Amino acid sequence: MKIFLIGFMGCGKSTLGKKLAAKLGYDFIDLDHVLENEVGSNIGEFFAANGEDAFRKLESKLLKEHNYPANCIVATGGGAPCYFDNMDWMNENGITMYVELPPVALARRLEKGKEKRPLIKDMDHEQLIDFIESKLAERDLFYKRAFLSIDGINVTPDKALAELSQVI
Ligand code: S3P
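So, here's what we can say about the structure.

Cut-offs and rules
Residues numbered from 1 in each chain as written. Predicted model: local features only at pLDDT ≥ 70, side-chain atom pairs only at ≥ 80, totals over all residues. Heavy atoms only, no water. Patch = residues over 30% accessible without salt bridge, like charges linked within 9 Å, V, L, I, M, F, W, Y side chains within 5 Å. Areas by Shrake-Rupley, 256 points an atom, 1.4 Å probe, with all protein chains shown as cover. Salt bridge = Lys/Arg side-chain N within 4 Å of Asp/Glu carboxyl O. Helix = DSSP H or I, 4+ residues; strand = E, 2+ residues; numbered from the N terminus. Buried < 20%, exposed > 50% of the residue type's maximum accessible area, 1.4 Å probe, protein only. Axes fitted to C-alpha atoms, helices over the stretch in contact; angles between N-to-C directions. Parallel < 35°, antiparallel > 145°, perpendicular 65-115°, else oblique. Left-handed = near helix turned anticlockwise from the far one by under 90°. Contact = heavy atoms within 4.5 Å. 1 Å grid on protein atoms, 1.4 Å probe; cavity = no way out; pocket = protein on both sides within 12 Å on 5 of 7 lines; lining within 4 Å. Points joined across faces, edges and corners; volume = space filled by probe spheres on them. Nonpolar A, V, L, I, M, F, W, Y, C, P; charged D, E, K, R; others polar. Near = heavy atom within 4 Å. Polar contact = N/O pair within 3.5 Å; in protein donor to acceptor, adjacent residues only side chain to side chain. Sits in = over half its atoms within 2 Å of the grid points.

Before going further, it helps to spend a moment on a nonpolar patch on the surface. On the surface, a cluster of nonpolar side chains totalling about 220 Å² of accessible area is made up of Met1, Val167 and Ile168. Relative to the elements of secondary structure, Met1 occurs in the segment before strand 1 (2-6). Of the residues examined, Met1 reaches a relative accessible area of 35% and is grouped as partly exposed.

Below, the structure is given as structure tokens:
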């Protein structure tokens, strides 16, 4: 069983994913790290050298072609569900769960991790809020196609497990 965690940058996919994997005895996979291992550089460097289109193509290829263990929790990059047929593929090949957070909470969290995220690294606070509001409005249409969703505020592995117990 593959469980894909999806949602905006900073919503807590990796933190939740690691804890959930430990509880379930599943492996944890972070697709951003899969890509970084594949190219031998970090995402910021890859964006700077090759651009976003190349990143999206490689992200989609690795999402679909990665050699997943039988049971795993997969944290996906915030844009992954929103390009090509990635969301369809995830829904056909596993369970998708949207970790949902409002823009203000995302902005608060992203202020800290900005530098490793090329799309937002040079933004000031106002620009970040505007970016999150408009990008989330576009992306929500994709995120909302997840089988399950969970409120990212005060989320715990147990709450996520309760949601998942409906399907696994
Ligand atoms: C991106 C999110 C990032 C990473 C890349 C692009 C996005 O992943 O894939 O910087 O387009 O939202 P996280 O959601 O893990 O930060």
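With that out of the way, let us pick up the packing of helix 2 (residues 31-39) against helix 3 (residues 43-65). At their nearest, the axes of helix 2 and helix 3 sit 10 Å apart, and the two run at 115° to each other. Between helix 2 and helix 3, the interaxial angle falls into the category roughly perpendicular. Helix 3 is crossed by helix 2, and the crossing has right-handed handedness. For the pair helix 2 and helix 3, the contacting residues are Leu31, Asp32, Val34, Leu35, Glu36, Glu38 and Val39 in the first and Ile43, Phe46, Phe55, Leu58, Glu59, Leu62 and Leu63 in the second.

By secondary structure assignment, the location of Glu115 is in the loop between helix 5 (103-113) and helix 6 (125-143). In the structure, Glu115 is positioned 50 residues away from Glu65 in sequence and 29 Å away in space, judged by C-alpha atoms.

A separate point is the pattern of salt bridges. Inspection of the entire model under this criterion finds eleven salt bridges. As a salt-bridge pair, Asp140 and Lys144 come within 2.7 Å of each other at their nearest N and O atoms. Each of Glu52, Arg56 and Glu59 takes part in one network of salt bridges that share partners.

All right, on to the layout of surface pockets then. Taken as a whole, the largest pocket encloses approximately 720 Å³ of empty space. Lining the largest pocket we find 31 residues, and of these Met9, Ser14, Asp32, Lys116 and Arg117 sit closest to its centre. Those elements giving two or more residues to the lining of the largest pocket turn out to be helix 1 (13-24), helix 2, helix 3 and helix 5. Looking at the lining of the largest pocket element by element, the count peaks at six residues for helix 3. Here the residues of the lining of the largest pocket are counted per class, giving nine nonpolar, eleven polar and eleven charged.

Next up on the list: the site of the ligand. Lys13, Asp32, Arg56, Arg117 and Arg139 are the nearest of the 14 residues found near the ligand. Between Lys13 and the ligand, the recorded distance is 2.6 Å, taken from a side-chain N or O atom to an oxygen atom. Between the ligand and Gly79 there is a distance of 3.3 Å, counted from an oxygen atom to a backbone nitrogen or oxygen. Protein coverage of the free-state accessible area of the ligand, which is 390 Å², stands at 95%. One can see that the ligand is located within the largest pocket. Broken down by element, the residue count for the shell around the ligand peaks at four residues, all from helix 3. Classifying every residue of the shell around the ligand gives five nonpolar, three polar and six charged.

These figures come from the coordinates and say nothing about function on their own.
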